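# Observations on the three-dimensional arrangement
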Amino acid sequence: MLKTIRIIVSVLLFSTITFYFLDFSGVLPRFAGILPKLQFIPALLGLSIVTLAVLLTLTLLFGRAYCSSICPLGVFQDIISWFAKKTAKKKKRFKFNKAKTVLRWSMLALGMIAHQVGVTFLWGLLDPYSAFGRVATHVFKPIYVAGNNLLATIFTHFGNYTFYVIDNSILSVSTLLIALLTVAIVGLTAWKGGRTFCNTICPVGTFLGLLSKVSLFKVRIDADKCNRCSACAAKCKSSCIDSAGQTVDNSRCVVCFNCLGSCKKDALHFGLPAKKAAKTITDEPDASKRQFLASALVTAVAIPTALAEDKTKFISNKSAYTRQTPISPPGSLSAEHLLKHCTSCHLCISKCPTKVLKPAFMEYGIGGVMQPMMFFEKGFCNFDCTICSDICPNNALVHLTEEQKHTTQMGRVVFNQDICVVHTEGTNCGACAEHCPTQAVTMVPYKDGLTAPQTNPDICVGCGGCEFICPVRPYRAIFVEGNRVHQTAERIEEGKEQVLEFDDFGF
Amino acid sequence: MDRRDFLKAAAVAGAALTLKMNGGMDIMSQTVRNAQTGDSVDLVAVMGGEADAMFQRAIAEMGGMGKFVKKGNKVAIKPNIGWDKSPELAGNTNPKLISAITQACFAAGASEVTVFDHTCDDWVACYKNSGIEAAAKAAGAKVMPAHEETYYREISLPQGKKLKRSKVHGAILDSDVWINVPILKHHGGANLSISMKNYMGLVWDRRIFHSTDLQQCIADICTMSKKPALCIVDAYRVLKTNGPRGKSASDVVLSKALFMSQDMVAADTSAARFFNQIREMPIEHVAHIANGESLKLGTMDIDKLNVKRIRM
C-alpha cells in the first residue's frame, strides 16, 4: 500500500517536472512551475524559507521522502533500475553495502566549500535537481523537439498548424557533454546498483540522511520476528538493510517501501519506534573504494576545467571584438548574485521564448561555467517578457514585474559608426532602431534624406534587439556591453494617444 | 500506375496548373467598376469610420470581394504583426480589419483563408497580443507560423535590381489570391512602412535588405510575380513617431482612415500623402515607392487615377 502510494506520487511528480522542462508551448498549467521550487538546494540558495521548512519537516517525520519522490534525479534512477530489473536475464538482487560515510561527507563539504569560494559550478554539478534539469534541457528536450518537428512537418503539409517547428540546435557543446556524462554515470550506477549516486555523491542525500536518522517514522526491523533471510536486503535499492545485523541504515534509506512486502515473517514495518530499540550500525568505510571515488571525482572536475581553458584562448584569438562583460539575465541583479545563487538547472534556458539564454562557458569565470548568459544569435530579450525571473527556483533571477523589467538595465548599447551600413554604403537601414523598445537607438537625419542611428545608453535596457538584427558582418556595428551590476534605465514617458480629425485626405 | 498513365496524369495536372495561373492573371488585369454607377475605380480612400466598417464601404466601392476572390480560392492575408504590442499601440494591423477581410473572403466563396506574418518580436507573443490570431481564427481563418526557415521557399526575382532571389513564405506561394494589409507607420529605416514595406514580412532573410540598399530591396521584392489582389492600408491608428515599433501611446494618432487599391504604389502614395497631414515626411525620402514606380509596379501619379473619396 505504502509502496503503491510512493510509486504513484513519484511517477506523477517526475513526469510533471520532466514535461515542465520540455513543454515549450505552455500545455501544462502554470502551477506545474511549483515543482522546481520544491527542490532542496534551490530553496537553500534562494532562501525559500517555506520550502525549506516543508522539506525539513517532511524529512524529520518520514525520512528521505524528498529523495524518494520529489527529486527528479532520484526517480530517474528508480526508472532505470526498474528497467534493469525487467530486462535482466537472471533475477536481479541488491545486497547490503557498508555506508560510504567519509565519501559522502567529503562530497558535501567539497560542494559547500566550492560554493563559498565562488566555484558554484561544482555545487551545480552535484545538486541532483540541477543535474536532472540539464539532462532534461540538453538531452531529453532535443528528442522531444525532434518529435514535435516531425509532427509539425507532417501536419503543416496537410494545412494544419497545430504543431509548429522549433529550433533544435545545440546551445553549448560543453554543457551537452556534461549532461550526457551525467546521464551515463547516473544511469549506469542506477542500472547496476539502484540509488548508489544518492548515497555516495549527492550532497542533498547526505544532509537529509543525517536528519532521517532521527526521523519519527522509519523502516524498522523487529529482531524477534526476523530470521535474517535477507529477502528485504535483496529488494533494497539503497543497499542499506543489513539483515545479518538486523539493522536498517536510515541515513541511506529513501523510504521506497520495496522491502516491506518482501518479508515473509512480517518483521519489517514503517512506523514509530517499537519497544525494543533497533541496533545502531557502525561505519567502517572501505578505504580503497573511497580513494578510487575521490580520485575519480578530482579527474572529473579537472578535465572539464582543462578543456575550458583551451576553449577560451581560442575564442579570444578569433574575434577582434568580444563583449568585455557578459550580460547576465534579467533579474540576476549582478554577475556576483548569479554566481552565488545559480546551480545551472537551465530551466530559464529551456523556457526562454526567444532563445536569448545559453550556458556560459568561461565568460563568468570558472565558477560560473554553465550559468545562463544572454546571447543574441537567435533572438533578443522580449521587452515585456519576465518568464525567466518568474520561474527561477533559486532566486538567482529575482522576480521582476513588467514595470521593473522595463527599467532593468542588463547592459548598454555601443555603436560603431565606422562600420554602420548608413555610413559605409550611404543607404537606409535602421534595423537597430526598429527593434529598440526604448528608442535608446533612434534614427536621426544624416544627409540626403537618409537617417542614421544615434544612441542614448542611459535609456537602454540591453535587450540586444539592435545587436541581433544588425546586418553588418563579421562584426556588428551595434552591440550590447554587459553591466557587471545591473543598473536602472531611465523610464520611458508614457503619453497619450492623439486624436486627429481631417478635412481632407491630403491628395 | 504505369509510366504512360503517370505521364498523362502529370500532363493533366500541369495543364490544370496553367489554367489556374491564367485565372489569377485575369483578376490582376481586370478593371474594377463601381457596382452602382459603373464608374471605374482605381483607389478608394475612406475616413471617419471603424476599421471594419471602412473596409466594407471600400470593398463595396471596388465592386465587392467577389471581384478578387473566386469560389474555391485559397486566400492568404498578410497583415503586419511585427511587434508584441496591443492594438492600441498601432504596431500591428487592426485585428477588426483582419476579421472583416477574412469574413468577406469566405462570403466570396474562398475555400481557405490563411493569415501569417514573419514577426520581429517573439511570434507567439505577437500573434496573441496583437489580437490578430484570435480575430482571424474567430472568422474562420487558419493562422500559420512563420518563425522558422522551413516555412519559406526560394524564388527568383528576375526584375529585381539588387535583390535577385529571396525565400518567400509558403502561404503566399501556395495561395490562389493574396491580400496585403499593412498598417501605416513611421519607420526609422524606410521612413514609412506601408504596403510595399509589408512585403518584408513575407521573406525569411531581412538582413540582406538592410545591408544592400533597403529602399531598392523593398521595391525588388515587390516585383515577385504573384502580386496581391488588393492592398488595404489600415490607417485607423497611425504610428507617427518612433516607428515601426513605437515606445508608448504618445506615438499614436487615432486618425480613422483606410486606403484600398490593386496598385501598391498608388496605395502607398495615397497613404504617404495622408501621413503628411499628421507629420511632414517628404515622399521622396520614402524612396522605395519611387523605386517601385520605376520597376513598373504602379503609379505615384494618383491625381490622374479614379479616386473614390468617402467620409463616414
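Only a predicted model underlies this, so the values are computations on that prediction, with no experimental measurement involved. Positions within a chain are numbered from 1, following the residues in the order the chain's sequence is written. Numbering of ligands from 1 and lettering of chains from A proceed in the order in which they are written. Residue-level local features of this predicted model are given only where pLDDT is at least 70; pairs of side-chain atoms are given and counted only at 80 or more, and the full residue set underlies all totals for whole chains, interfaces and linings.

### Things to note about the overall build of chain A
In this description a helix means any DSSP run of H or I spanning at least four residues, a strand means any run of E spanning at least two, and both kinds are numbered starting from the N terminus. Tallying secondary structure elements over chain A gives 20 helices and eleven strands in all. Its C-alpha atoms put chain A at 100 × 50 × 45 Å along the principal axes. For chain A, buried positions account for 46% of its 507 residues. We call two residues in contact if the C-beta atoms placed from their backbones are at most 7 Å apart. The contacts in chain A between residues at least 6 apart in sequence include a share of 74% that link residues at least 24 apart. Field definition: a residue is buried when 20 or more other C-beta atoms are found within 10 Å of its C-beta, exposed when 12 or fewer are, and partly exposed for counts in between, with C-beta atoms placed from the backbone.

### Observations regarding the overall build of chain B
Helix and strand content of chain B: ten helices and twelve strands. Residue burial in chain B is summarised as follows: out of 312 residues, 59% are buried.

### Considerations on the confidence of the model for chain A
Residues and elements named next belong to chain A. Each residue gets a pLDDT score, which is the predictor's confidence in that residue and runs from 0 to 100. The share of residues in chain A with pLDDT of 70 or more is 91%, and the mean pLDDT across the chain is 91. With pLDDT under 50 throughout, residues 276-282 is counted as low confidence; its partners more than four residues away or in other chains account for eleven contacts. Note that pLDDT drops below 50 for residues 303-319; the model gives that stretch twelve contacts with residues more than four away or on any other chain.

### Let's talk about the packing of helix α6 (residues 72-87) of chain A against helix α9 (residues 128-157) of chain A
Residues and elements named next belong to chain A. Packing of α6 against α9 leaves a shortest axis separation of 7 Å and a crossing angle of 65 degrees. Regarding the angle of α6 to α9, the classification is roughly perpendicular. Contact with α6, carried on its side by Pro 72, Leu 73, Gly 74 and Phe 76, involves Pro 128, Tyr 129, Ala 131 and Phe 132 of α9 and no other residues of that element. For this classification, Asp, Glu, Lys and Arg are treated as charged, while Ala, Val, Leu, Ile, Met, Phe, Trp, Tyr, Cys and Pro are nonpolar and the rest, including Gly, are polar. Class assignment of the residues belonging to the contact of α6 with α9 gives a composition of seven nonpolar, one polar and no charged. Throughout, an axis means a line fitted to C-alpha atoms (over the contacting stretch in the case of helices), and angles, computed between N-to-C directions, take values from 0 to 180 degrees. Any angle that is under 35 degrees is reported as roughly parallel, and any over 145 degrees as roughly antiparallel; angles of 65 to 115 degrees are reported as roughly perpendicular and all others as oblique.

### Concerning the environment of A:Met373
All names here are of chain A. Looking at the element boundaries, Met 373 is found in strand β6 (residues 372-374). Given 25 C-beta atoms within a 10 Å radius, Met 373 is considered buried. Put simply, Met 373 and Pro 329 are 44 residues apart on the chain and 6.1 Å apart in space, counted from C-alpha to C-alpha. Once residues within four sequence positions are removed from consideration, Met 373 is found in contact with Pro 326, Ile 327, Ser 328, Leu 357, Lys 358, Ala 360 and Glu 363.

### Concerning the nonpolar core
Counting residues in hydrophobic clusters, the biggest one holds 223 residues, and the most contacted among them are B:Ile101, B:Ile218 and B:Leu258. Apart from the residues lying within four places of it in its own chain, the contact partners of B:Ile218 are B:Ala190, B:Met196, B:Lys197, B:Tyr199, B:Met200, B:Phe209 and B:His288. Under the definition applied here, buried Ala, Val, Leu, Ile, Met, Phe, Trp, Tyr and Cys residues are grouped into a nonpolar core through C-beta atoms within 7 Å.

### Comments concerning the interface of chain B and chain A
Listed as interface residues are 47 residues of chain B and, on the opposing side, 42 residues of chain A. Contributions of two or more residues to the side of chain B that touches chain A are made by β1 (43-47), α4 (123-129), β4 (142-143), α7 (207-211), α8 (214-221), β11 (252-261) and α9 (264-278) of chain B. Broken down by element, the side of chain B that touches chain A gets its largest block of residues, six residues, from α9(B). Here the residues of the side of chain B that touches chain A are counted per class, giving 19 nonpolar, 14 polar and 14 charged. When DSSP locates at least two bridges between a pair of strands, those strands are taken to pair. When strand β11 (residues 498-499) of chain A meets β11(B), the two strands line up parallel, connected through two bridges. Paired with A:Gln498 across the bridge in β11(B) is B:Val253.

### So, the pairing of strand β9 (residues 451-455) of chain A
Remark: a regular strand shows side chains that alternate across the two faces of the sheet. Residues and elements named next belong to chain A. The buried count for β9 comes to four of five residues, which makes it a mostly enclosed element. Two strands pair when backbone bridges link them, and strand β8 (residues 441-445) and β9 are joined in this way by five bridges, in the antiparallel orientation. Looking at β9, one finds that Met 443 is bridged to Pro 453. Taken together, β8 and the strand that follows it, β9, pair antiparallel across an intervening segment of five residues, in which Asp 448 is found at a positive phi of about 50 degrees.

### A few points about the pairing of strand β10 (residues 230-239) of chain B
All names here are of chain B. Counting buried positions along β10 gives ten out of ten residues, so the element sits mostly inside the fold. Of the pairings in the sheet, the one linking strand β7 (residues 177-181) to β10 comprises two bridges and is parallel in character. Its bridge partner being in β10, Ile 179 is matched across the sheet by Leu 230. Bridging between strand β8 (residues 183-187) and β10 involves two bridges; their strand directions are parallel. The residue of β10 that forms the bridge with Lys 185 is Leu 239.

### Some words on the environment of A:Phe415
Residue and element names in this part refer to chain A. Mapping Phe 415 onto the fold places it in strand β7 (residues 408-415). Under the C-beta neighbour-count criterion, Phe 415 is labelled buried, with 20 such atoms within 10 Å. Between the C-alpha atoms of Phe 415 and Glu 493, which are 78 residues apart in sequence, the distance is 24 Å. Apart from the residues lying within four places of it in its own chain, the contact partners of Phe 415 are Pro 453, Thr 455, Ala 477 and Ile 478.

### Topic: the domain arrangement of chain A
Residues and elements named next belong to chain A. Per the domain assignment, the segments of chain A are domain 1 (2-271) and domain 2 (319-488). These domain limits were set by an automatic method or by a database of domain assignments. Put simply, the middle of domain 1 and the middle of domain 2, counted by C-alpha atoms, are 36 Å apart. Facing the 28 residues of domain 1 at the interface are 25 residues of domain 2. Contributing elements (two or more residues each) for the side of domain 1 that touches domain 2: α2 (34-37), α3 (40-45), α8 (120-126), α9 and α10 (173-193).

### Observations concerning helix α2 (residues 51-61) of chain B
Among the residues of α2(B), B:Ala51, B:Asp52, B:Met54, B:Phe55, B:Ala58, B:Ile59 and B:Glu61 are the ones counted as buried. B:Gly63 occupies a position one or two residues after α2(B) and carries a positive phi of about 100 degrees.

### Brief notes about the packing of α2(B) against helix α3 (residues 95-107) of chain B
Residue and element names in this part refer to chain B. The N-to-C vectors of α2 and α3 enclose an angle of 40 degrees; their axes lie 8 Å apart at closest approach. As judged from the angle between their axes, α2 and α3 are oblique. Relative to α3, the crossing made by α2 is right-handed. In this structure, α2 contributes Ala 51, Asp 52, Phe 55, Gln 56 and Ile 59 to the contact, and α3 contributes Lys 96, Leu 97, Ser 99, Ala 100, Ile 101 and Ala 104. Two helices crossing with the near one rotated counterclockwise from the far one by less than a right angle form a left-handed crossing, whereas a clockwise rotation gives a right-handed crossing.

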